[in-house]
Amino acid sequence: YIPRRNGQQTSHRLRRSKYQANTMTNKAEEIRRILSEPVVDLWKLRELALTEGGLVNDSLRKLAWPKLVGVSNDGIASSSGSSNEGQSSPPPTSEVTVPPSFDAEQIERDVSRVTWHLLTGNQRSRNFQMRNKHRKRISQLLKKKQRRLGDFLNLTLVQSYGDGVKYMKDVERLRYYQGFHDVGSIVLSTLGGASLPISPALTTNTTATTSCPSDLELAQTAADSMGMTLACQVLLQISQQHLRDPMRADFLQLQAALKLVLMPLIAAFDGEVHSHLYDCDMEPFFAISWIITWFSHDVRDTAVVKRLFDFFLVSHPMMPIYMSVAMTIHPLNRIEVLSTDCDFACVHNALANLPKNSNDVGWKYIPGDISCYVDNDDDDMSVVSMDPSLQGTDDDSVVSAVNHKARVPFQELIDLSVTLMHKIPPRNIINLAQRYHNSVTLQPLLAESSSIALLQPPPSWGL
């Protein structure tokens, strides 16, 4: 007798899937209960965000993310539908005035290239299945969403300037960087459509200066009209704290932070991997896109990226660096890195491909003597099946951003990142850097340390 292994495996997968769905349902109910309390237990909410599935779905994130970053979301009207983009359309951009930020031209160029986190799974699958019939309509929809994303980024930046923009030094002003549009697309996808009412003070001021309202007033009014007020406030909080270093006029502080932190951490936790990177003259900047976009640039599965955002929002601002270390030294990933020829280009390519081991949506893995990933834009149905939140289902449906095919599940990396931070917490980073670097390298880095936001105490609303 030969057992039917395929049938047994299928049955096992179905039971596991049902168990996980029930687990996520119970978790969603617990999160909803916590959020309904008069005083929300933020510590418990943070603990739940660290476990499998994160904050589960967009319905809960709309309520949880503002609270986790210290933004009040009282008075937001609840709406059905798990995807904000599926709600009633906001007023066309032409009906409101969107004041441009200082980086409006670069924003326009970058958002014109964004696709994956703007189109839902259904829209991408229709674009694939009916290329000729629906291509034009999908293209028009994509352009509309790209314009909306550009407006969102400009409105957030203009509001960050405040009323004193004329007197603000350039070093103090938040500046757009390439990759910020990836972060913005996730925040807008999750929170867009939930808007706070315009404050009485703003209404009065606008009326009193109808002839010439300030850019700040125009931005606040436009954000409210377009359903972006809450999303702007949340992104602004993240920008002023977690992403403050890349949002300066240049990357000097960010570069100093990576040199002070990333390689010393890798050396402390995996000397063999560090030696391989050091021998091929690898700089810590290989992880820069992971860190400044919270992996949203390198991971195409929107549901998984939102789950990662759950993790980063409840963590120390330095957690993306610890996650980058975890990504590099994970047992499977380290084998790929160490098996690569000690050549800068080869090792850099191997490192750049590591996130695909954790989520390969949009990519196809080709095993062999030289295993690699190739672009697979036709992999759209997998996006739909793995991201039910993008299928137009009810907002209360449970969404589990779990990729069962992942060779290195992101939950393993999350757990490993937390373990690494516990072993060497941020307060010990400078001491670690002093032991790692020679005095010639160390002194200019330490001179920058006082102005590096990542090395400062976390905000009052954070950990």
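Residues numbered from 1 in each chain as written. Predicted model: local features only at pLDDT ≥ 70, side-chain atom pairs only at ≥ 80, totals over all residues. Heavy atoms only, no water.

### Quick word on the pattern of salt bridges
- Summed over all chains, the structure comprises 11 salt bridges.
- A salt bridge links Arg61 to Asp58; the nearest nitrogen and oxygen atoms lie 3.3 Å apart. Placement of both Arg61 and Asp58 in helix H3 (residues 58–68) is noted, with a separation of three residues, approximately one turn of the helix.
- Between Glu336 and Arg407 there is a salt bridge, and its shortest N-O distance comes to 3.0 Å. With Glu336 in helix H16 (residues 331–338) and Arg407 in the loop between helix H19 (381–386) and helix H20 (410–423), this pair connects stretches of sequence that are 71 residues apart.
- The partly exposed category is assigned to Arg407, whose relative accessible area is 30%.
- Through salt bridges with shared partners, a single ionic network connects Asp58, Arg61, Lys306 and Asp310. (Salt bridge = Lys/Arg side-chain N within 4 Å of Asp/Glu carboxyl O. Helix = DSSP H or I, 4+ residues; strand = E, 2+ residues; numbered from the N terminus. Buried < 20%, exposed > 50% of the residue type's maximum accessible area, 1.4 Å probe, protein only.)

### Some points on the state of the cysteines
- One pass over the structure, following the stated rule, counts zero disulfides.
- Not part of a disulfide, Cys342 finds its nearest cysteine sulfur in Cys280, a span of 4.9 Å.
- Assessed through its relative accessible area of 43%, Cys342 is described here as partly exposed.
- For Cys346, which is in no disulfide, the shortest distance to another cysteine sulfur is to Cys280 and amounts to 9.3 Å.
- Its relative accessible area of 34% is what places Cys346 among the partly exposed residues. (Disulfide = S-S within 2.5 Å.)

### A closer look at the packing of helix H12 (residues 271–279) against H16
- The contact between H12 and H16 brings their axes to 10 Å, and the two run at 35°. Handedness of the H12/H16 crossing: left-handed. Packed against H12, whose contacting residues are Glu272, Val273, His276 and Leu277, the element H16 presents Arg334, Val337 and Leu338 at the interface.
- Partitioned by chemical class, the residues of the contact of H12 with H16 number four nonpolar, one polar and two charged. (Axes fitted to C-alpha atoms, helices over the stretch in contact; angles between N-to-C directions. Left-handed = near helix turned anticlockwise from the far one by under 90°. Contact = heavy atoms within 4.5 Å. Nonpolar A, V, L, I, M, F, W, Y, C, P; charged D, E, K, R; others polar.)

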